[in-house]
Amino acid sequence: MRLLVVEDELRIVDILKDVLESAGFTVDAVNTATGARNALSDIPYDAAILDLGLPDGDGLEVLKSARAQGLQIPILVLTARDAINDRVSGLDAGADDYLVKPFAIQELVSRIKALLRRPGGALGAVLEAGNLAFDTIGREVTISGNPVQLSRRELSILEILLRRFGRVVPKDVLEEKLYAFDQEPESNAVSVHVHHLRRKLKTQAASVEVHTVRGIGYLLNEQ
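Residues numbered from 1 in each chain as written. Predicted model: local features only at pLDDT ≥ 70, side-chain atom pairs only at ≥ 80, totals over all residues. Heavy atoms only, no water.

Student: Would you take a moment to explain helix α1 (residues 10-22) for this structure?
Tutor: Each α-helix turn comprises 3.6 residues. Residues three or four places apart therefore point the same way. If you check α1, its first and last C-alpha atoms are 18 Å apart, about what 13 residues at 1.5 Å a residue would give, namely 18 Å. Of the residues making up α1, those classed as buried are Ile12, Val13, Leu16, Lys17, Val19 and Leu20. Looking at the buried side of α1, the elements it contacts are β1 (2-6), β2 (26-30), β3 (47-50), β6 (75-79) and α5 (105-117). Phi turns positive, to about 105°, at Gly24, one or two residues after α1. (Helix = DSSP H or I, 4+ residues; strand = E, 2+ residues; numbered from the N terminus. Expected span 1.5 Å × (residues − 1). Buried < 20%, exposed > 50% of the residue type's maximum accessible area, 1.4 Å probe, protein only. Contact = heavy atoms within 4.5 Å.)

Student: Would you explain α5 in this entry?
Tutor: The end-to-end C-alpha distance of α5, which contains 13 residues, comes to 19 Å, matching closely the 18 Å that a straight helix rising 1.5 Å per residue would cover. On its buried face, α5 sits against β1, α1, β3, β6 and β7 (97-100).

Student: Even after reading the chapter, I still don't get the nonpolar core, so can you show me in this structure?
Tutor: As a rule of thumb, nonpolar side chains are buried together in soluble globular proteins. Residues Leu132, Val141, Leu158, Leu162 and Val210 are the most contacted members of the largest nonpolar core, which totals 28 residues. Contributions of two or more residues to this core are made by β8 (126-129), β9 (132-135), β10 (140-143), α6 (152-163), α7 (171-178), α8 (189-203), β13 (208-213) and β14 (217-222). Looking at this core, the element that brings in the most residues is α6, giving 6 residues. Setting aside chain neighbours within four positions, we find Leu132 in contact with Leu127, Val141, Thr142, Ile143, Leu158, Leu162, Leu201 and Val208. Leu63, Ile73, Ile75 and Tyr98 belong to the second largest nonpolar core, which has 24 residues in total. (Core = buried A, V, L, I, M, F, W, Y, C linked by side-chain atoms within 4.5 Å.)

Student: How should the environment of Gly166 be read in this particular structure?
Tutor: For Gly166, the position within the fold is in the loop between α6 and β12 (168-170). Sequence separation between Gly166 and Leu201 is 35 residues, and the spatial gap between their C-alpha atoms is 16 Å. What Gly166 contacts, discounting residues up to four positions off in sequence, is Leu219, Leu220 and Asn221.

Student: Looking at this model, I keep getting lost on the sheet that holds β13. Mind explaining?
Tutor: Two strands in a sheet stick together by hydrogen bonds in their backbones, pointing the same way (parallel) or opposite ways (antiparallel). As summarised here, the arrangement of the 3 strands in space is β12-β14-β13, forming an open sheet in which the pairing is antiparallel. Looking at strand neighbours, the two that pair on one side only are β12 and β13, the edges of this open sheet. The mean inter-strand angle of the sheet, taken between neighbouring strand axes irrespective of direction, is 25°. Sheet analysis places β13 next to β14, joined by 6 bridges and oriented antiparallel. Looking at β14, one finds that Val213 is bridged to Gly217. Of the strands in this sheet, β13 and β14 touch α8, which is tilted by about 150° from β13. (Pairing = 2+ DSSP bridges. Axes fitted to C-alpha atoms, helices over the stretch in contact; angles between N-to-C directions.)

Honestly, it's all geometry; don't read function into it.
Listed below in structure tokens is the structure:
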């Protein structure tokens, strides 16, 4: 899943990107209100983390604008504004959660996962197909109860395919979900990751298989 971090403190950005990417997310980061508006309008994010004190405007106005335009993704406000009135204003403007700085990084990750697990959210606790189970919280995959070691990219691809089980996922959709906008994947990067994923599933006798739909993308289905 792809997240947007809107934060002007580079130290916090680095920490958030490192921890969120380790948790399996693809992360884009911008440090201005203008950058946030452009990113939210151009890219279909699964969730966003929004600071309010931005150098070119108030993050609260970014939030109000996003909701006014019909953007329904979960948005967690992360800010130093700790007054009750500030919290009420943020939630009333459309924030799904409000976390005050300084904060515990693991709490933030847990809050984001909780938002994505809500009805209609992008994160389900356990995804299952055939004899394969994917714990999206622990980022663990088992086949017939046996653990399978997958790389972060392979886990992300498998999760996307499981969420669209039986449907073709275009290659460009996978690239969009896997890579932040400051990352430029090689032309065959997705194909290589899919190849490794397919081989590992076959080696572990998975009852599901990744099929290539030439010229379009990939499909996960039962054998």
